[in-house]
Every structure is written in structure tokens, then in C-alpha cells.
Amino acid sequence: MDTNNSPLVSVVTPVYNGSSYLRDCIESVLSQSYENFEYIIVNNASTDCTLQVASEYAREDHRIRICSNDTLLPIIANHNRALQEIDPQSKYCKIVSADDRIFPECIAQMVALAEANPRVGLVGSYQLCGEMNANFEDQWIRNVGLDPLKSVFSGSEVCRKQLLGALSVFGNPTSTLYRSDLVRRNAEFYPNPSAEADTSACFAALCDSDYGFVHQVLSYERVHTMRQTTVAQNLNTYLPSAISDCMTYGRYFMADSEIAERLRQLFTEYYEFLGSSALRANNDAFWTYHKAALQALGISLDKRRVALEAAKKCVRTMKTPARFFGVAVERTRRILN
């Protein structure tokens with residue numbers, strides 16, 4: 001694409017102690033067929049050699065700009081700080097997580113779709129997930145479910161299906177391109193501090209824009225035990241965040257009856273999960289997190305409901321359920337007090 005006529009894209013990588021994979025990430029950005037971009041790397045007070053790695057590349061390519069925090073910020077706060085650094089003249093913004101990579105045609109394909117459809121505010125794509133050297137059966141493709149014969153979708157309809165649980169195409173920034181005016185219109189693009197704030201940002205952005213989708217695998221998400229996504233899966237932060245998004249954004253995309261039914265489903269699933277968790281050796285941090293997550297929604301943890309779900313789990317799985325019913329209730333009481 002002719003750089004004289006192509007719009008400026010701000011590529012952003014927020015990173016904390018990411019030196020193990022940062023070279024791979026940076027080189028994937030520098031290998032783009034699309035050339036008119038700036039690359040902002042925001043070092044979040046790393047204690048490893050992240051800054052040295054980034055500086056090495058910055059000396060070789062003038063498009064790279066490094067910002068460093070003097071003190072460690074929470075992950076979402078650092079993402080918002082990074083997005084505040086994008087060029088005021090950029091038309092599009094592309095986050096690339098420090099342990100991910102994008103394939104050579106990623107930016108070019110996404111920008112081309114957005115340029116052809118001015119109402120599009122976000123552009124998504126398929127994403128390969130797993131460990132890079134894993135067997136094929138241990139890798140998977142995410143963001144599936146949209147009509148493969150269409151590339152532009154009503155933002156409101158995509159959001160409605162996402163909120164109803166019929167679609168899952170949000171929540172992975174490396175596979176998404178944002179229109180920069182949507183990133184800049186609020187002081188903080190990510191509207192809350194939760195691990196799923198990137199999903200919430202998509203709902204906010206698509207209130208008044210369409211959703212574009214390139215039906216190609218344009219990025220790779222590295223899955224490993226230290227990744228924020230893995231931590232979120234272990235805590236199951238997705239359920240309280242889904243409840244929060246439904247309560248916050250549902251009114252823009254759903255009928256009142258749909259909101260009520262969806263919240264009923266989500267709370268049922270949530271308490272089933274908490275009941276099962278009460279039967280395992282989860283630590284205090286687990287319950288502190290979920291108590292606080294519910295409190296943030298203006299709701300207190302229903303200890304009786306947790307105990308009931310734990311007991312029902314025993315009934316379903318034990319050969320002599322009566323023996324374990326009281327044990328489940330007592331263990332749950334000790335955990336939640």
C-alpha cells in the first residue's frame with residue numbers, strides 16, 4: 001500500500017517483564033506489508049531486560065517510540081496509559097500484546113476493510129491460539145461464528161449476540177483494529193479495571209458504529225501459565241464481567257425481557273461454578289476476588305446459594321450423597337466466613 005496515501009496506524013504494545021517473547025512480537029510488527037505506522041512500546045516498570053530489548057529495536061527503526069513508567073501500574077491502567085500515547089493524526093489503532101504476534105498482512109487487510117466501510121469502528125479477524133511449538137491438536141482458532149459471506153455487520157446486532165452468549169468475537173485486542181477517534185473520545189478507552197475490560201470497550205465503541213471482520217487468521221495468541229488470560233481462566237473472571245457488561249450495556253442492544261433472562265442464566269451459571277469451587281481447595285484470594293466482584297455490581301455474595309449448589313454437586317456425583325451433604329454445607333460455611 002502506498003504510504004503517501006495510506007492512513008497512519010498507531011500500533012501499541014504495553015509490556016511488563018515481557019523480554020521472553022518481546023523480540024518475536026516486535027519483529028512481527030516490523031514485518032508488516034503495511035508501512036505507514038508508528039509503534040509505541042510502553043514499558044511498565046519492568047525488572048527484566050524488556051527495556052533493553054525494546055531500545056535495541058528503536059535504535060534501528062525510527063517508527064518505534066518507547067515510553068517507560070517510573071512505577072508499576074495495574075495492567076488495564078497501563079493499557080489505557082499506552083493508548084493515550086497514540087498520534088493525534090492516526091486514523092487507526094492496533095494493540096499487539098507483548099507475547100502475541102501478528103502475521104504480515106494483518107494491518108493491511110484490516111485497514112483495507114475499514115477504509116472501504118467508513119461506518120466500521122472495529123475490525124476483527126480469526127486468531128490462532130496455543131503454544132507456538134505445540135502439536136496441531138493443541139492449537140485452535142478463535143473468533144468463529146460470523147457469516148463467512150459477509151465482512152461488515154451491524155455493531156448493535158454483534159453486541160446483542162455477544163451479550164446473549166451466542167457469539168464470542170470480543171476480548172482479544174491482538175486480533176482487533178480500532179478506529180482511533182473511538183480510542184481518543186474518552187480519557188480511558190478501557191472503561192473498567194477488570195481483566196475483560198477489552199470486551200467492555202468493544203460494547204462501548206459499537207454503540208454507534210459497525211463491526212468489520214476479515215475472514216483470515218491474522219494473529220497468533222501465545223497461551224502460557226503466566227499470561228493474564230490464563231489467570232483469568234483460573235479465577236473464571238469472565239462470569240462476573242459478563243454480568244457487569246449485561247447490566248451496563250444491555251440496554252443499548254437488548255430488550256428488557258432479554259436482559260432479565262440473560263442475567264438469570266449468568267447468575268445460575270455463576271453460582272454453580274462457585275458451588276463447585278467450594279468443594280475444592282481454593283485459597284482465600286479466590287473468594288476475596290469473587291466477593292469483591294459481586295460487591296462492585298452492588299450485590300452481596302449469597303452464601304446460602306453457594307452452599308446449596310455445593311450440596312447439589314455432591315448429590316450429583318457421590319454414591320452416598322446424604323453423607324456428604326452436611327460436609328459440603330460445613331466446608332462452604334468455613335470458606336465463606
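Residues numbered from 1 in each chain as written. Predicted model: local features only at pLDDT ≥ 70, side-chain atom pairs only at ≥ 80, totals over all residues. Heavy atoms only, no water.

(A) Summary view of the packing of helix α10 (residues 256-278) against helix α12 (residues 303-317). The N-to-C vectors of α10 and α12 enclose an angle of 70°; their axes lie 7 Å apart at closest approach. One finds that α10 runs roughly perpendicular with respect to α12. In the packing of α10 onto α12, the handedness of the crossing is right-handed. Residues Phe267, Thr268, Tyr271, Glu272, Leu274, Gly275, Ser276 and Ala278 of α10 pack against Arg305, Val306, Glu309, Ala310 and Lys313 of α12. A per-class count over the contact of α10 with α12 returns 6 nonpolar, 3 polar and 4 charged. (Axes fitted to C-alpha atoms, helices over the stretch in contact; angles between N-to-C directions. Helix = DSSP H or I, 4+ residues; strand = E, 2+ residues; numbered from the N terminus. Parallel < 35°, antiparallel > 145°, perpendicular 65-115°, else oblique. Left-handed = near helix turned anticlockwise from the far one by under 90°. Contact = heavy atoms within 4.5 Å. Nonpolar A, V, L, I, M, F, W, Y, C, P; charged D, E, K, R; others polar.)

(B) Structural view of helix α2 (residues 50-58). Buried within α2 are the following residues: Thr50, Val53, Ala54 and Tyr57. Across the axial projection of α2, the buried residues extend over an arc of 95°, all falling on one side. For α2, the secondary structure elements touched by its buried residues are β1 (9-15), α1 (19-30), β2 (37-43) and β3 (64-68). (Buried < 20%, exposed > 50% of the residue type's maximum accessible area, 1.4 Å probe, protein only. Arc of directions from axis to C-beta.)

(C) Quick peek at the nonpolar core. Counting residues in each nonpolar core, the largest one holds 56 residues, and the members touching the most others are Phe170, Tyr211 and Leu274. If one sorts the elements of this core by residue count, α10 sits on top with 9 residues. Those residues in contact with Leu274 that lie beyond four places of it in its chain are Phe286, Trp287, His290, Leu301 and Val306. Within the second largest apolar cluster, 31 residues are counted, among which are Cys25, Ala54, Val96 and Val120. (Core = buried A, V, L, I, M, F, W, Y, C linked by side-chain atoms within 4.5 Å.)

(D) Structural context of the side chain of Ser180. Looking at where Ser180 falls in the secondary structure, it is placed in helix α6 (residues 180-184). Polar side-chain contacts of Ser180 include one of 3.1 Å to the backbone oxygen of Tyr92. Here the side chain of Ser180 touches Cys93 through a polar contact of 3.5 Å, landing on its backbone nitrogen. What Ser180 contacts, discounting residues up to four positions off in sequence, is Ile86, Ser90, Lys91, Tyr92 and Cys93. (Polar contact = N/O pair within 3.5 Å; in protein donor to acceptor, adjacent residues only side chain to side chain.)

(E) Just unusual backbone geometry, in detail. For Asn143, which is not glycine, the phi dihedral falls at a positive 75°. Its location among the elements puts Asn143 in the loop between β7 (140-142) and β8 (152-153). A residue is classified by how much of its surface remains accessible, and Asn143, at 3% relative accessible area, is buried. Even without a glycine there, the phi angle at Asn236 is positive, about 55°. By the secondary structure assignment, Asn236 is in the loop between α8 (228-235) and α9 (238-253). Residue Asn236 is classed as buried on the basis of its relative accessible area of 16%.

(F) The environment of Leu163, seen in detail. Mapping Leu163 onto the fold places it in helix α5 (residues 155-164). Once the C-alpha coordinates of Leu163 and Ile259 are considered, the two residues, 96 residues apart in sequence, prove to be 8.9 Å apart. Not counting residues within four places of it along the chain, the set of residues in contact with Leu163 comprises Phe203, Asp245, Cys246, Tyr249, Gly250, Phe253, Met254 and Arg262.

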